[in-house]
Each structure stands twice: as C-alpha cells, then as structure tokens.
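What follows is each chain in one-letter form.
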Amino acid sequence: MGFVPKKAKAFGGNMNDLVRITKDNDVAIITIDNPPVNALSPGVPEGIWAAIDEMNRDAAIKAAVVIGGGRTFVAGADIKEFSKMTSGASPRRSLLPLLLHIEDSPKPVVMAIHGNAFGGGLELAMAGHYRVASPLAQVGQPEVKLGIIPGAGGTQRLPRLVGVAKAVEMCAEGKPVSAREAAMLGLIDQLIEVDLLTGAVAFAREVADRPAPKTRERSEELATAAENSPIFTAARDATGKKQRGMKAPLAAIDAVEAATRLSFEEGCQTEAKLFTECLFSDQSKALIHVFFGEREVAKIPDVPKDTPVIPVNRVAVVGSGTMGGGIAMVFANAGIPVLLKDVDKTALEIGMSKIGKNYANSVQRGRFTQAFVDERLRLITPVSTYDAFDGVDMVVEAVFEGMALKKTVFAELDRACRRRAILASNTSTLNIDEIAGATSRSEAVIGTHFFSPANVMRLLEIVRGKKSSKEVIATCMQLSKKLGKIGVLVGNCRGFAGNRMFGPYRREAQFLVEEGADVERVDHALVEFGCAMGPLATGDLAGLDVGWRIRKEYRHLDKPGIRQPFAEDRLCELGRYGQKTLKGWYRYDENRRASADPEVIALVRKWSADAGIPQRQISADEIVDRCVYALVNEGARILEEGYALRAVDIDIIYLNGYGFPAYRGGPMWHADTVGLPKVYQRICEFHQQHGELWAPAPLLRRLVEAGKTFAEFDKEQAAAA
Ligand code: 3H9
C-alpha cells in the first residue's frame, strides 16, 4: 500500500449499521445501506472492509455479493465530506486501500448494480472481481462535473476494462453509460433481467471456484503509446471546446494517460496528486456549491415538501410563436398532451411548422429518434378557440408581451378553464399580480418564465404572485423537474430576478463601448471570463428591439439626471435589431456569422463625442468587473428585498438561464470567492466614478462590515426559517 497518499488515513474495519452481511447458504451478501444514495460516507468503507474480512474468515462462504440497499448501488463519495476536507475540518481519507483489500480477497466478490454506480461507486465496483447489473442501471465517472477527477483508482482501472478511448471519454466528459452499453464495453459481466440479488447470488455461485481476476493486473486493453497518442490529443482538443475554461477534464485525461505509461501503483499516485489539486481548486468548490444549490432551490421554507399538488395531466399553451411553440414541445417531450392555441389557422400552421422543423433538427442531430418525435407531435393539438380548455389542468400563456393583451387572455381563461386549473403566464417583465387581477382567482395565477429556446434552456423562473396558492407553487416546482427544468421561485418585481440583474449587466457593457472599448473587446473579455456569449452578442441574438420597446414603455420611471446608455436605442432607431436584420452590434452574413462592423464603432464614437463622454483605453479586467459586479450589486438588492430566497437561487438562475460559467459558481458565489470586501471596494470606486447607478447595495455593505459572505447569509436565513 505504498501509494496511499501522504497524510491519508486507511480504513480499518468495523461493521456497523451502514453495512450488513447476511448469507444465502455459501454466498455472503454485503448490503450497503446509507440512504438516500448509499454515498461512501464515513462508516461505509469501514463497514465494507469488515464485511470482506468476515466473509473470508467464514469457511462455509465461497463468494460474496456486494449490493446497495434501497433505490441504488453507490452514487459516489459523500460530496458533503469534500468541503470538510478542504477546510481542514476532516482528514482526507483514501478509498484506495479498501479497493485493494477487496481486489485481494481470495474469494470472488461480485458487485451487483442497480440505479447508479457513479464516481467512487463505480470505482468500488471495478475493484470487485465481477460486475452484474440491472438493465436500467447506469454507471459513470461524473467527477469532472464537480471539478474533480476520480480519486480512487477510477482513471487506472477503467481503461483496463473498457479501453483507453472510452475511459478518457467517461472520465473527461463525466456522462453516464447505460448498463447495456457497459455490458458491451466489458465493464459489466452480465445483465440480470429479473431479480438482481437472486441473479447475482446465482452468478457468484457459478464463479466461486474460478480464480478471482484482478482489474489492476489486466493490461490487454491499454494499447500502445502510438495508438493512444491521437486519442489524448483529440480529447484535449475537444475539452478545450466543449468544457472551455475547466481544469478537471484536462486533469482526468492526464490521469488516464498515466495509466498507459506507468505501473498501476504509480498511476494511482499521479491520480491522487491530480485529484488533490482539483479538490482544493476554486473551480471544484464552485461546482460543489452548484450541485447542492440545484437541490436547495427546490426547498421553499413556507411551502413544505408535503404540500398537496395538483395533478397536471393535460395542458394548454396560448400563443404559438417562438416561446409558445417551444413550451408546447417541453410538455410534449415530458409525455403531457398539449392544446396549442392561436388566433387563427394561419398562425397555427406557422407555429406547428416551426415545431416540426425544430424536431426534425433534433432527429438530424441524433438527439431524438423519428419514432419519439412522431409520438410527441401527436401530443400537440392545434386549436383556435378556448372550447376544450375546460379539460386542462394548467394553461401557460405565451402571447406578445403587452399588459392589455395579457389581461384579455386571462379574462378568457378565467371563463374557459375549470376551477382548479393553474393559470400561468410566461411574461418576462410584467406584473403577475396585475395579470391575476383580470381573473376571479388570483390564487391560481403564477408566472412560469421559460427561457429561449424553451425546449433547450434548463431554467424555469417560477414567479410567485401576492396571492399564488402554496398548492400552485408546489405543483409548478414539482412539474419543473418532470419537464427536465430547474425551477427557481422568485418574487414579482420588474424583470423578476434574472432579467432585473441582466439590465445593469448589459447597461455596463454599453457604457463601456460608449467610453471607448470596442464591441468585440467587451464581448471577448466576458467570454474569456467563461460566459457562453458576450453581453452585446447576446443582445443581437435576442433582438435589440425587444429591450428597446420595454425601455420605451418604462422610460417615465427613469430618474432624471442619471446617466442612461444610449447606443443600443440609437442602433434600433437605425433599424439595427441584431441577427434578425443581419445588423446590430455586429454585422452578420446570410449564415448569421458575425463580424465586427466599423460603422457601429464610428457611430458610437460620434455619439459619445456629441455627448461629451471622454474616450479611454479600458482593460479586460475593468470590463469584467463592471459587468459582473453590476450583477452582484443588483443581486444583493434582490436578495435583501426578498425577491430571491437565497443567494444560491440567484446563482442557479444565472448558470441555467444566462450562460454564466458553472465553474465560477454563479455571480454571488463568484463574489464570495473574490472576497466581498474587494468586490465592495470596487463597487464604491465605480460609484464615485459613474454616479448613483452604482450605489452599493445595503446588504453588500452590511455583509462586508460583518465579515460575512453570501453563503453565510444563506445559512443564517435557513437557520432563522
Ligand atoms: C466521487 O465519488 C469521488 C471519487 O472518485 C472518490 C474520491 C476519493 N454525496 O440528486 P437527488 C444527495 S465524487 C452526498 O435529489 P436523484 C442529494 O444532495 C461523487 N449527497 O436524487 C440529495 O440530498 P437532499 C461522484 C448526495 O434521484 C439526495 O442525495 N458522484 C450524493 O434525482 C438525493 O439526490 C456523483 O457525482 C453524494 N454523492 O439523483 C453523483 N448524491 O435530498 C451525484 C446525492 O438533501 N449524485 N446526494 O437534497 C447524483 O448525480 C444524483 O444525486 C443521483 C440521484 C443520480 C445519484
């Protein structure tokens, strides 16, 4: 065991209530029972170790089956332990000795997998001599999604079982593999179609008298350096594109490469070193925050888990434009029949043809089969009246963004829908309470703000009106999961949480151009920071006219004497609406490929000179600080005013709806990572330089004075609830 990482403690064996051993005649059954997902929390490895010892001591036992109690095998290391390790609250303990102990067992150990064998769970399974699985099980090394790499020999044993190319893919991309595919890859020895335990025990009996093969001693799948070299090069290239800015995928590739060049023992040492580097990185801390955050947002303090929900079996969508059509697809993809309503046959034909084209693209890209698409299309029924609306459980209104029209639609829905139906609006800016006022049942009205394209983007902002009932909120939160979305509950303020913050973010991007930065320079700085797109290119994609119309509607609310950006409005006045007019901040060719437009810069420079705005060189750091801290400052206000429940909710909104880089954890977590005093100081500087728009949020100031972070604010709020 010379390669147990320094300072790591090995597990001694003490059986406990997390691991049980029972017998089926000559086969020992070792059951891991650590609900909900049998994570390898402290006590579990010790229990497995002791159970292996016990079965080896028992002369009547010929083989063992290791199985998970409840709904799954082992979903991995206990992720909660990682932050304890990095903060020094708990020692770093290695699983490697346990896995060697299992592999060295003279009696065969059969791993029986149902549910998931993820991360440390798959590493545990690979240390067994054989693996059997239910056909619906999934296996994988998803560690990179947490900013780490497999840390218990996964990068060394996996290539020995499935070959280098597949191991690189699984460890660097982190995607799960079905048990059927795993069986074809040689990772699973047998699929058990009936009862897993019965099949696994029979399998164990069959192999009991054979020599127990050790994965670490296999080398036939490792191939030669010449064969492997292009695999690593291609993987590094792909990582640079698909997981831009992330460190863990590259570390995972390095670790698998070590398996092909070094002995198993040395390979494990390399893996341990890379694992530790990743674990202590800011990226991993951020991604672990995201993992728990995505689960935390489902928890609404005053809407308990046992709140009754309304069964949603049939729905209607009003408006068959881009958003309405996309929303109809979301329901159909979840197997829920949808009525898609628009004013007349022509509008419906356009809407349905767009849906058909979107589905055809998905088939072309291999995302869906034709049979799946045919089935989904059958679930969407175009209608031009409200006649059948008394049969639906929920309606999502997605008509043009205008209060008068929305009110008319909701008054119609109030007449046409049954009493318990949920009436939801997809508005992105309008007041939900005012919309609810057009009905006789405000408690049934709620906002469900999908993000474009609705069938692709994961975020669903669920907007709570003053009177939205708890039942309606609980139903929408639960439904979001069924729809494959991540639902985040927000309050009813202008722009809700996401777009309210997006305003100051894009305002700063415009100011920067008006102060002398080039359009591409602003976008490039944010893309380098990790954002999916720059703020100005995003505007072109969404349509600059959308924001322009909204700004015109709300202009009367602007405080006099406060600087407002002007460049985008003027571009709109010139008919430059973005990609749809092939001209916006950039110019576009017929394939919508962007290039810098000198005309835009010349125009903005002239407008700025007319307005007396001094021009200067602006660094990439300032560009990022101005845009990102504008998000943070507005986020702090939203939090303080109670329009978001937690700072982490804002983070999850930005990661899933606005392309903020996950490895930075979201704007609020990013601010904590930079250090709130530093962020606050920079905001104060901007306040001095640029005036009232940059007034620091009072919550931010208070946290800095108290030496606290947004994460601590969340914890305190949770404790007080
Ligand atoms: C690893 O293994 C490193 C190794 O190489 C070893 C290094 C030494 N730990 O998602 P759900 C909680 S890294 C702790 O809602 P589902 C989760 O927070 C790990 N807790 O259920 C939630 O708690 P709550 C590699 C965990 O059915 C509850 O369980 N493994 C863990 O939709 C239910 O979870 C992974 O990355 C965990 N490992 O999905 C797998 N997993 O109810 C991560 C879950 O209080 N897990 N919890 O909110 C998953 O992908 C999904 O949870 C899973 C179930 C697919 C398993």
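Cut-off values and rules
- Residue numbers restart at each chain and count upward from 1, following the sequence in its written direction.
- Given that this is a predicted model, residues contribute local features only at a pLDDT of at least 70 and side-chain atom pairs are listed and counted only at 80 or more, while totals for whole chains, interfaces and linings are drawn from all residues.
- In computing side-chain properties, one takes all heavy atoms of the structure into account and sets aside hydrogens as well as water.
- The domain limits used here are those given by an automatic or database domain assignment.
- Paired rings are identified among Phe, Tyr and Trp, the last through its six-membered ring, by centres lying within 6.5 Å, and are further divided according to the angle between planes into stacked (under 30 degrees), edge-to-face (over 60) and tilted (the rest).
- Categorising residues by exposure relies on relative accessible area from a 1.4 Å probe, with only protein chains included: less than 20% of the type maximum marks a residue as buried, more than 50% marks it as exposed, and the intermediate range marks it as partly exposed.
- By convention in this text, a residue qualifies as near a molecule or strand provided that one of its non-hydrogen atoms is within 4 Å of it.
- Any pair of nitrogen or oxygen atoms within 3.5 Å is treated as a polar contact; in protein, a donor-acceptor pairing is required on top of that, and neighbouring residues in sequence qualify only through side-chain atoms on both sides.
- Note that accessible areas follow from Shrake-Rupley with a 1.4 Å probe, and for residues the cover is restricted to the protein chains shown.
- Strands are runs of DSSP state E lasting at least two residues, helices are runs of H or I lasting at least four, and both sets are numbered from the N terminus onward.
- Residues are grouped as follows: nonpolar covers Ala, Val, Leu, Ile, Met, Phe, Trp, Tyr, Cys and Pro; charged covers Asp, Glu, Lys and Arg; every other residue, Gly included, is treated as polar.
- Each pair of strands is called paired provided DSSP finds at least two bridges between the two strands.
- When the strands point away from the viewer, a crossover counts as right-handed if the path from the first strand over the helix to the second runs clockwise.
- To get an axis, a line is fitted to the C-alpha atoms, and for a helix only the part in contact is used. The angle between two axes follows their N-to-C directions and goes from 0 to 180 degrees.
- Under this scheme an angle from 65 to 115 degrees is roughly perpendicular, one under 35 degrees roughly parallel, and one over 145 degrees roughly antiparallel; angles in between are oblique.
- The contact definition used throughout considers only heavy atoms, calling two residues in contact when any of these lie within 4.5 Å.
- In a left-handed crossing the near helix is turned counterclockwise from the far helix by less than a right angle, and in a right-handed crossing that turn is clockwise.

Here we look at the domain arrangement of the protein chain
Step number 1: Assigned domains of the protein chain: these are domain 1 (14-279), domain 2 (315-492) and domain 3 (499-720).
Step number 2: Each of domain 1 and domain 2 was reduced to a C-alpha centroid, and the two centroids are 43 Å apart.

Describing the packing of aromatic side chains
Step number 1: Applying the stated criterion to the full structure yields 13 aromatic pairs.
Step number 2: Where Phe 291 meets Phe 292, the ring centres are 5.1 Å apart and the plane angle is 85°; that geometry is what we call edge-to-face.
Step number 3: Exposure remark for Phe 291: the relative accessible area of 26% places this residue in the partly exposed category.
Step number 4: Here Phe 292 falls in the partly exposed class, since its relative accessible area comes to 31%.
Step number 5: Pairing Tyr 654 with Tyr 658 gives two aromatic rings, centres 4.3 Å apart and planes at 15°, and the pair type is stacked.

A look at the site of the ligand
Step number 1: Near the ligand there are 27 residues, and of these Arg 71, Ala 77, Gly 120, Glu 123 and Arg 295 occur at the shortest range.
Step number 2: In this structure, an oxygen atom belonging to the ligand sits 2.8 Å away from a main-chain N or O atom of Gly 120.
Step number 3: Within the side chain of Arg 295, a nitrogen or oxygen atom sits 2.7 Å from an oxygen atom of the ligand.
Step number 4: If the ligand stood free it would expose 1000 Å²; the protein chains cover 78% of that surface.
Step number 5: Within the residue set of the shell around the ligand, elements represented by two or more residues are α2 (79-86), β5 (116-118), α4 (120-127) and α12 (282-296).
Step number 6: Class assignment of the residues belonging to the shell around the ligand gives a composition of 14 nonpolar, 5 polar and 8 charged.

Overview of the pairing of strand β2 (residues 27-32)
Step number 1: Most of β2 is tucked away: 6 of the 6 residues are buried.
Step number 2: Sheet topology places strand β1 (residues 19-24) next to β2; 6 bridges connect them, and they run antiparallel. Across the sheet, the residue bridging to Ile 21 is Ile 30, located in β2.
Step number 3: Taking the residues between adjacent antiparallel strands as the criterion, β1 and β2 are bridged by 2 residues, where Asn 25 takes a positive phi near 50°.
Step number 4: In the sheet, β2 pairs with strand β3 (residues 63-68) via 6 bridges, with the strands oriented parallel. Across the sheet, Val 27 pairs through a bridge with Ala 63, a residue of β3.
Step number 5: After leaving β2, the chain enters helix α1 (residues 44-57) and then returns to the sheet as β3, a path that is right-handed.

Considerations on the packing of helix α20 (residues 519-529) against helix α25 (residues 620-640)
Step number 1: Closest axis-to-axis distance for the α20/α25 pair is 9 Å, and the angle between their directions is 80°. In terms of their interaxial angle, α20 and α25 are classed as roughly perpendicular. The segment α20 lies against α25, with Arg 521, Val 522, Ala 525, Leu 526 and Phe 529 engaging Ala 620, Ile 623, Val 624, Cys 627 and Val 628.
Step number 2: Looking at side-chain class alone, the contact of α20 with α25 contains 9 nonpolar, no polar and 1 charged residues.

Points about the pairing of strand β13 (residues 394-397)
Step number 1: With burial as the criterion, each face of β13 is covered, one bearing Met 394 and Val 396 and the other bearing Val 395 and Glu 397.
Step number 2: Where strand β10 (residues 315-318) lies against β13, 4 bridges are found, and the strand directions are parallel. From the neighbouring strand, Val 315 faces β13, where its bridge partner is Met 394.
Step number 3: In this structure, β13 lies alongside strand β14 (residues 422-425), joined through 4 bridges in parallel fashion. Residue Glu 397 lies in a different strand from β14, and its bridge partner there is Ser 425.
Step number 4: Following the backbone out of β13, through helix α16 (residues 403-416) and into the adjacent parallel β14, one traces a crossover that is right-handed.

Focus on the sheet that holds strand β4 (residues 109-113)
Step number 1: Taken together, 6 strands build an open sheet; the order of strands is β1-β2-β3-β4-β6-β9 and the sheet is mixed. Where the open sheet ends on each side, the last strands, each with one partner, are β1 and β9 (190-191).
Step number 2: Sheet strands touched by α1: β1, β2, β3 and β4. Its angle to β1, the strand with the most contacts, is close to 25°.
Step number 3: This element, α4, spans β2, β4 and β6 (130-133) of the sheet and lies at about 145° to β4.

As for the environment of Gly 437
Step number 1: By secondary structure assignment, the location of Gly 437 is in the loop between α17 (432-436) and β15 (445-450).
Step number 2: Distance from Gly 437 to Pro 535, taken between C-alpha atoms, is 35 Å for residues 98 residues apart in sequence.

Details of the packing of helix α19 (residues 498-514) against α25
Step number 1: For the pair α19 and α25, interaxial distance at closest approach is 8 Å and the crossing angle is 155°. As far as their axial angle goes, α25 and α19 are roughly antiparallel. In this structure, α19 meets α25 at a crossing whose hand is right-handed. Judged by residue contacts, Arg 500, Met 501, Phe 502, Pro 504, Tyr 505, Arg 507, Glu 508, Ala 509, Phe 511 and Leu 512 of α19 engage Glu 622, Ile 623, Arg 626, Cys 627, Ala 630, Leu 631, Glu 634, Gly 635, Arg 637 and Ile 638 from α25.
Step number 2: Taken together, the residues of the contact of α19 with α25 sort by class into 12 nonpolar, 1 polar and 7 charged.

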